[in-house]
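Listed below, chain by chain, are the residues.
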2 protein chains.
Amino acid sequence: MRFVIDELWPLSELLAYPRYAMHGRETFDAILDQSQKLALEKFAPHNRASDIDEPRFVDGRVHIIPEVKAALDAYADAGFPALLADEAEGGLQLPYTLALLSDAIFCAANVSTIGYALLARGVGNLLKAHGSAEQQHLYCQPLLEGRWLGTMCLSEPQAGSSLADISTRADAIAKPAADGSYRLSGQKMWISGGDHELSENIVHLVLAKIPGGLPGVKGISLFIVPKFRVNDDGSLGARNDVQLAGVNHKLGQRGIVNTFLKFGERGECIGHLVGAPHQGLAQMFHLMNEARIGVGMGAIMQGMAGYQYSLQYAKERRQGRHPEQKDPASPPVALIEHADVKRMLLQQKCYVEGAFALAVYAGTLIDVQLGCENAETRRYAALKLDLLTPVLKAWSGEWCTKANDLAIQVLGGYGYTREYPVEQYWRDNRLNPIHEGANGIQAIDLLGRKATLANGAALVAMLDELRATTAQAAAIAALAEYSEALASSTVLIEQTTRALVTCMAEGRVRLALANASYYLTLVGHAFIAWAWLKQALVAARALPDAADHDREFYEGKLMACRFFFRHELPQIEPLARLLQTLDDSTLAATPGQF
Amino acid sequence: MRFVIDELWPLSELLAYPRYAMHGRETFDAILDQSQKLALEKFAPHNRASDIDEPRFVDGRVHIIPEVKAALDAYADAGFPALLADEAEGGLQLPYTLALLSDAIFCAANVSTIGYALLARGVGNLLKAHGSAEQQHLYCQPLLEGRWLGTMCLSEPQAGSSLADISTRADAIAKPAADGSYRLSGQKMWISGGDHELSENIVHLVLAKIPGGLPGVKGISLFIVPKFRVNDDGSLGARNDVQLAGVNHKLGQRGIVNTFLKFGERGECIGHLVGAPHQGLAQMFHLMNEARIGVGMGAIMQGMAGYQYSLQYAKERRQGRHPEQKDPASPPVALIEHADVKRMLLQQKCYVEGAFALAVYAGTLIDVQLGCENAETRRYAALKLDLLTPVLKAWSGEWCTKANDLAIQVLGGYGYTREYPVEQYWRDNRLNPIHEGANGIQAIDLLGRKATLANGAALVAMLDELRATTAQAAAIAALAEYSEALASSTVLIEQTTRALVTCMAEGRVRLALANASYYLTLVGHAFIAWAWLKQALVAARALPDAADHDREFYEGKLMACRFFFRHELPQIEPLARLLQTLDDSTLAATPGQF
C-alpha cells in the first residue's frame, strides 16, 4: 500500500489542490494507521463470529451479535464517517482516495460490518449532491456522526437488475400528499442493512414511481424514507411504516443483514422527494458509481486477505519434495518451494496487487474531479473514470474471487475447512460479481455505452495512458518485452472495438453485444497489464539505489509483472479474435437446444 | 444420459463380453430407473438438511440426521452395493460403466450420503483384488450386503498429499504380533466416514509402516483395521482401539462426516496385513484410481445438477429486455433470451456434458479390461485409462466447479442465497480439485508419468482416437471447421509434449514440470473437444431421420460443439505456446519476492 501511494500514484500530489491544501502527508499516514489499528482491534476479531452467528429474524426484529455495534460505534467515535465531508460541515475534507484506502483496510478485516458504515456514507453523499438544504440539514449531520445508518432500496422481488420494471407487480408507488410529502407503498428486495438496532435511525433511499410519470426508468423518482420520521428540530418522531418482511440467508457476507422490506402495507409510509421528480435513476447512479468502485475494492481486499494468508501458510508448512529429489530421508520442503504452489501465489499476487493499483488510480481520478482547477483535466478524469468503473467492478469481482479459490487450493484440505479463513473470503467475495449490477450488465455498460462515450474519447484517453507507459518502458531493456506486449494489446483493443462499434452503428446492436463479457475481460486484462507495467517501471527505477531490505520487494514486483505478461495477458488473444469474428452462437442457441 | 449409453458409447456392446453375456439391455435400464427412483425418494430430499444439520461430534460420538441411515439402508436393501461383484459371490456382475452411471445419479441427488456407500464398495473391491481368501470371506460379504461400511486411511495431519512422509511425526507403525496380526499406532486425518453408527461395523483400510522396512513410500503396507474386531465365524468381537479424535468442519460435502482418527493410543489396535508387506501404496492405488474416476464423475454431476437448475430458472424467470428493445411497456423476456445468460448456460452444458461423455468412455475402458478377451485390446484400454484418469479427475473438478459458479451467476442474488440449491453444489464441488490427489499433483502425474507411459504409447493411443474422429468429421461439411481445429489441437499436444519430454530427458525435470497445470488444461480441453466432436458426429448423422421432438436435442449437441470449439478450445493456444517456451517464472520466483 505504501508503494502504491508513495511511489506509484503519489498521494502527496493531491495536496496541490486547494481543496486538500490544509492537509499534510502526515495526516494521511495517521488516518491509515488509525484505520489499521481499529480494523484489527474491532473489526477483524468478529469476522468469523458474524459469519457463524449471522443476523437472525426473531419476532419481527433483527438480532445481530453485539460486536458489530461495538465496532461501528468505535468507527463513529473515531470520526471515520466524516472523512470525506466538507470542513464547513464538520467533516475532514480528505481526498476520496484516502477514504478508499481506509475503506480497503476495513474491508480486508470485515467486509460485512464495514458495509453498514459505507452504505451510510453513500446515502449522505447522495443527499449532499441532490437533497434540499433542509434535507441536508436534517439527515446529513446524524449520518456524518455515525448516529444514523442508511440503505439503498432499488431492487424489487420481481425485477432484479431490471429497474425499468419496478412497479410491474409489487410496485413501489409514491403518492403526493398535501404537505408535499409522499405516501409510499411497495416492496423492496436485497436491502443490505434494511433493519437492525445498530443506530438510532435508518435512512432508506427508495426508488419509486409517482403515478402519471413515464413508464420505465424515466418515471423513477428518489425518496428519503426514514425508519423513524424526523421532526423539524431533528428529533425522532413516530415509526414510519417500513416493515421487515424477512431476511435473506446468504452464502457469504452474512454479517450484514440482507432484508426484504414492505413499505406502507400496514400503515402510513411517508417519503420525501429528493430533487425533482423522475430524476431518481440518475441520482441513484451518483451513489451506484461510487458503490461500484467500492465493490471492486471490496473484492480486491478479500482477494488480498486470502493471498496474504495462503502466502504465510505456504512459507510455514513443509510438505513433499521436488520432482527430482525423491529421497524420503531428505526433509520435506516448504509448500512455497513447489512450482505449482508458486504459480497459484503469483496468480493471486497479480490479480490483487494489479487490481489494487488500478482501483487507487480510479480513486485519484475522483479526486481530480473534486479538486483540480483545470476543467479540461477534470473532464478527462471523469471520462476515464466512467470507462474504468465497470471494468474495476466486474474484473475485480471475477478475478479476485478466483484468487480466493487459489488460496483455498494452496491450503489443500485445511483450506476447505471452516477452521481456516480462506473459505470465508471465497464465499464473501462471490457476491461481488452479482451485486451493484451483475457482471454481465457491467460488460454491456462497458461496450455499449462507455466505449463509445464522447465519441470514444474515454477509451482513447485510457489507451493514451497505456501508450505513454509503453513508451517509457520501451527505453528500459528489462521491460522491453512487456512494453511490446502492452502495445500489441492496445492495438488489439482498438481493432476489436472498431469492429464492434461498426457492428452497432450498422444497427446490429444485439450481435455486437452478444459477447460483451469477453470484451470486458480483454479490456480488463490489458488495463491490469498496464497497472503492472507501471509498477514495474517504478520498481526498475528504484532497484539500483534500493536498500537491501527493499530489493526483494521490487524484484517481486518485476517478477509478478513478468508472470502476468507471460502467463495471463496472452489469454486475451483468442478472446479478441472471437470478438472480431462477431460470432453469434449465444444469439443463435434456442432455449429448446439446451 | 440415454444419448451417451445408447448412441455415443453403446453399452449394449458390452453384452458381447462373456462376463456380461447373461445380461440384457433391459437389465441396464432397470438398474438406472431404480437408481433414479431411489435417488429421488431417499437421497435428494435430505441433501440440504444434512448440509445445514451436519454431523456433530458429541460426547465422543458422531450424530448424523436419521435420513442418512434410512437412505443407505434402502440402498443396501435394493442390492446396490453388490452391483459390481461376481455372481459367484452373490453379486450382480454388472459392467463397471453401469455402476458408474448409477453412482452418477446418486451423486447428483446427494453426493455426501452416497459417499459412504461408494467408499465401502471401494474397500470391498480392493480386498477382492489383494486380500487373502480368509479376509475376503470375513469382510467382503458384509460389505456387499451393505451391513458394513469402510474407509481409506491415507493422510496424516503432518503429511497431507506426501504419503512418503507418513510416520515422520505422528506415525502409523504396525508391529507384528505372535498370531500374525499387527499392532497399529498413529493418527490419520481427513478420513471420510471415519466414525458413525450407520453400519454394524466399519472396515478401515490403513496405510502404515512395519518397522525395519524401507523409508518413504516403499515401506508402506496396507492393513485391515475393523472398528469392531471380527471373530473367525464372522461375528463381531471387541472394540478395536480406533478413537475418534475430532471431526472436521468442511465448506461443503458436509453430510459425510470427515474425521481425525487415532489408532492404538489408548488400547490395542489390531490390524491385518493385506497381501505382502510394503505393497501398500500400489494396492491403495488400485482403489485410488477408481476413486479418481469417481471424483471426476462426482464433480460432473454437481455441475450437471447446477446446470439443470439454472437452465430451468432461466427459462421461467422473466427479467429485462434486449439491448435494442428498451420500450418499458413491452413485456420482459425470459432470462434465457439474454445472450450473456445463454453464454453461461452454453459454458455449463459444454463442461458437464463434455466431461460426462469422457467419463463414460473411461468407464467403458475399465469394462474392456474386465471383460474383453483380446489381450492387446485390454492393454490399450489400460494405457488409455491411465492417461485419462488424472485428466478426468482434475479437469472435471476444476471446470465443473466453474459450471456451478456460472449457475449461481445465472440466478443472480437468488443464487447467492441458501434458499436455492446452486450455492451448495458450488461448495460441495469445491472439494473435488483437492481430495484424492490435489489437481497440481494430477498435472505432474499426467505430464511426468502418464505422457511418457510405455514410451508414450498411452498418449499416442488417445491421440489416435482423436485423429480417427477428426477424419470422420472431415467428411461432414457442417463439422469440417471442428475437425480442422481438433487436428490442430492434436498437433499442438504432440509438439508441446515433445518439447517437455525432451526437457525431462535432458535432466531438467523441474523445469519441464514447472507449468504442468497448463499441460493438463491443454490436454483436457482437447479431450473434451474430442468428446464434443464425437457427440456432434452422432447428432449430425441422426438429424436427417430424427423425429420432431428429438431435433432440438441433436441441434443442441451441435450448438454446444460449435460453442466449445469457437469459445473454449482456442484458450489452449496461449497455454501451449507458454509451455513450449519452457518459461521458468514459477521456479525463479523466490519466497521473499512475494
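Residues numbered from 1 in each chain as written. Chains lettered and ligands numbered in written order. Predicted model: local features only at pLDDT ≥ 70, side-chain atom pairs only at ≥ 80, totals over all residues.

Draft legend 1. Broad picture of the overall build of chain A. Looking only at helices and strands, chain A features 18 helices and 12 strands. For chain A, with 594 residues in total, the buried portion stands at 58%. Considering only contacts within chain A whose residues lie at least 6 apart along the sequence, 74% involve residues at least 24 apart. (Helix = DSSP H or I, 4+ residues; strand = E, 2+ residues; numbered from the N terminus. Buried ≥ 20, exposed ≤ 12 C-beta atoms within 10 Å, placed from the backbone. Contact = placed C-beta atoms within 7 Å.)

Draft legend 2. View of helix 4 (residues 66-77) of chain A. Residue and element names in this part refer to chain A. The first and last C-alpha atoms of helix 4 sit 17 Å apart over 12 residues, in line with the 16 Å expected at 1.5 Å per residue. Of the residues making up helix 4, those classed as buried are Val 68, Ala 71, Leu 72, Tyr 75 and Ala 76. Projected down its long axis, helix 4 carries its buried residues within an arc of 135°, all on one side. Opposite the buried face of helix 4, by more than 90 degrees, sit the exposed residues Pro 66 and Asp 77. The elements touched by buried residues of helix 4 are helix 2 (25-43), helix 3 (49-52) and helix 5 (96-130). One or two steps after helix 4, the chain reaches Gly 79, where phi turns positive at roughly 85°. (Expected span 1.5 Å × (residues − 1). Arc of directions from axis to C-beta.)

Draft legend 3. Inspection of the pairing of strand 12 (residues 270-273) of chain A at higher detail. All names here are of chain A. Residues Ile 270 and His 272 line one face of strand 12 and the alternating positions Gly 271 and Leu 273 line the opposite face, and both faces are buried. Strand direction decides the pairing type here: strand 7 (residues 220-226) and strand 12, joined by 2 bridges, are antiparallel. Bridged to Ile 224 within strand 12 is His 272. (Pairing = 2+ DSSP bridges.)

Draft legend 4. Molecular detail of the interface of chain B and chain A. Counting residues at the interface gives 78 residues for chain B, matched by 79 residues for chain A. Counting residues per element, the side of chain B that touches chain A draws most heavily on helix 16 (residues 548-568) of chain B, at 8 residues. Grouping the amino acids of the side of chain B that touches chain A by side-chain chemistry returns 34 nonpolar, 24 polar and 20 charged. (Nonpolar A, V, L, I, M, F, W, Y, C, P; charged D, E, K, R; others polar.)

Draft legend 5. Layout of the packing of helix 13 (residues 480-505) of chain A against helix 15 (residues 516-542) of chain A. All names here are of chain A. Where helix 13 contacts helix 15, the two axes come as close as 10 Å, and the packing angle between them is 155°. Relative to helix 15, the element helix 13 is oriented roughly antiparallel. For helix 13 against helix 15, the interelement crossing comes out left-handed. Of the residues in helix 15, those in contact with Tyr 482, Leu 486, Ser 489, Thr 490, Ile 493, Thr 496 and Leu 500 of helix 13 are Tyr 519, Leu 522, Val 523, Ala 526, Ala 529, Trp 530, Leu 533 and Ala 536. Tallied by class, residues from the contact of helix 13 with helix 15 come to 12 nonpolar, 3 polar and no charged. (Axes fitted to C-alpha atoms, helices over the stretch in contact; angles between N-to-C directions. Parallel < 35°, antiparallel > 145°, perpendicular 65-115°, else oblique. Left-handed = near helix turned anticlockwise from the far one by under 90°.)

Draft legend 6. Seen up close, the relation of the copies chain B and chain A. Mapping chain B onto chain A is achieved by rotating through 180° and translating by 0.0 Å along the same axis, at an RMSD of 0.0 Å. Both chain copies can therefore be described as sitting about a two-fold axis. Measuring from the rotation axis to each C-alpha of chain B, the shortest distance belongs to Gln 571 of chain B, at 3.3 Å. Most of the interface of chain B is mirrored in chain A, where 100% of its interface residues again form contacts. (Least-squares fit on C-alpha atoms with pLDDT ≥ 70 in both.)

Draft legend 7. Quick look at the nonpolar core. Residue and element names in this part refer to chain B. Grouped together as the largest cluster of nonpolar side chains are 201 residues, with contacts concentrated most on Phe 223, Ala 355, Tyr 519 and Leu 533. By residue number, the principal contributor to this core is helix 5 (residues 96-130), which donates 21 residues. Here Leu 533 is in contact with Thr 469, Ala 473, Leu 479, Tyr 482, Leu 486 and Cys 561, once residues within four sequence places are set aside. (Core = buried A, V, L, I, M, F, W, Y, C linked by C-beta atoms within 7 Å.)

Draft legend 8. Representation of the domain arrangement of chain A in the model. All names here are of chain A. Examined at the domain level, chain A breaks down into domain 1 (2-142), domain 2 (149-279), domain 3 (280-437) and domain 4 (448-585). A C-alpha centroid distance of 24 Å is found between domain 1 and domain 2. Between domain 1 and domain 2, the contact holds 28 residues from the first and 26 residues from the second. When residues in the side of domain 1 that touches domain 2 are grouped by element, the largest group, 12 residues, is from helix 5. (Domains from an automatic or database assignment.)

Draft legend 9. Expanded view of the pairing of strand 9 (residues 236-239) of chain B. All names here are of chain B. Both strand 8 (residues 228-230) and strand 9 contribute to a ladder of 2 bridges, which runs antiparallel. Considered in strand 9, the bridge of Phe 228 is made with Arg 239. Here strand 8 folds back onto strand 9, and the loop between the two strands holds 5 residues, one of which, Gly 234, carries a positive phi near 90°.

Draft legend 10. A look at unusual backbone geometry. We note that Ala 454 of chain A has phi near 50°; this positive angle belongs to a residue other than glycine. As for its position among the elements, Ala 454 of chain A is in the loop between helix 11 (439-450) and helix 12 (457-474). Residue class for Ala 454 of chain A comes out partly exposed when judged on the 16 C-beta atoms lying within 10 Å of it. The phi dihedral of Asp 59 of chain B is positive, around 50°, even though this residue is not glycine. Within the element layout of this structure, Asp 59 of chain B appears in the loop between strand 1 (56-58) and strand 2 (61-63).

Draft legend 11. Inspection of the environment of Pro 328 of chain B at higher detail. Residue and element names in this part refer to chain B. Tracing the backbone shows Pro 328 in the loop between helix 7 (280-316) and helix 8 (339-371). For Pro 328, a count of 19 C-beta atoms within 10 Å corresponds to the partly exposed category. Pro 328 sits 79 residues away from Ala 407 along the chain, and the two C-alpha atoms are 27 Å apart.

Draft legend 12. How the structure looks around the environment of Pro 176 of chain A. Residue and element names in this part refer to chain A. The residue Pro 176 is located in strand 4 (residues 173-176) in this model. On the basis of neighbour counts, which here come to 14 C-beta atoms within 10 Å, the residue Pro 176 falls in the partly exposed class. Along the backbone, Pro 176 and Gln 279 are 103 residues apart, and their C-alpha atoms lie at a distance of 16 Å. Among residues more than four places away in sequence, those in contact with Pro 176 are Tyr 182 and Ile 210.

Draft legend 13. The arrangement of the packing of helix 8 of chain B against helix 16 of chain B in detail. Residue and element names in this part refer to chain B. Relative to each other, helix 8 and helix 16 sit at 105°, their axes nearing to 9 Å. The angle between the axes of helix 8 and helix 16 places the two elements in the roughly perpendicular class. Facing helix 8, whose interface residues are Leu 346, Lys 349, Cys 350, Glu 353 and Gly 354, helix 16 presents Ala 560, Phe 563, Phe 564 and Glu 568. Each residue belonging to the contact of helix 8 with helix 16 can be placed in one class, and the counts come to 5 nonpolar, 1 polar and 3 charged.

Draft legend 14. Up close: the confidence of the model for chain A. In the predicted model, chain A carries a mean pLDDT of 94, and 97% of its residues have values of at least 70. Segment residues 167-171 of chain A: pLDDT under 50, and 14 contacts once partners within four positions in sequence are set aside and those in other chains are kept. (pLDDT = per-residue confidence, 0-100.)

Draft legend 15. The arrangement of the environment of Pro 18 of chain A in detail. Considering the arrangement of structural elements, one finds Pro 18 of chain A in the loop between helix 1 (2-8) and helix 2. Taking the C-alpha atoms as reference, Pro 18 of chain A lies 35 Å from Asn 201 of chain A; in sequence the two are 183 residues apart.

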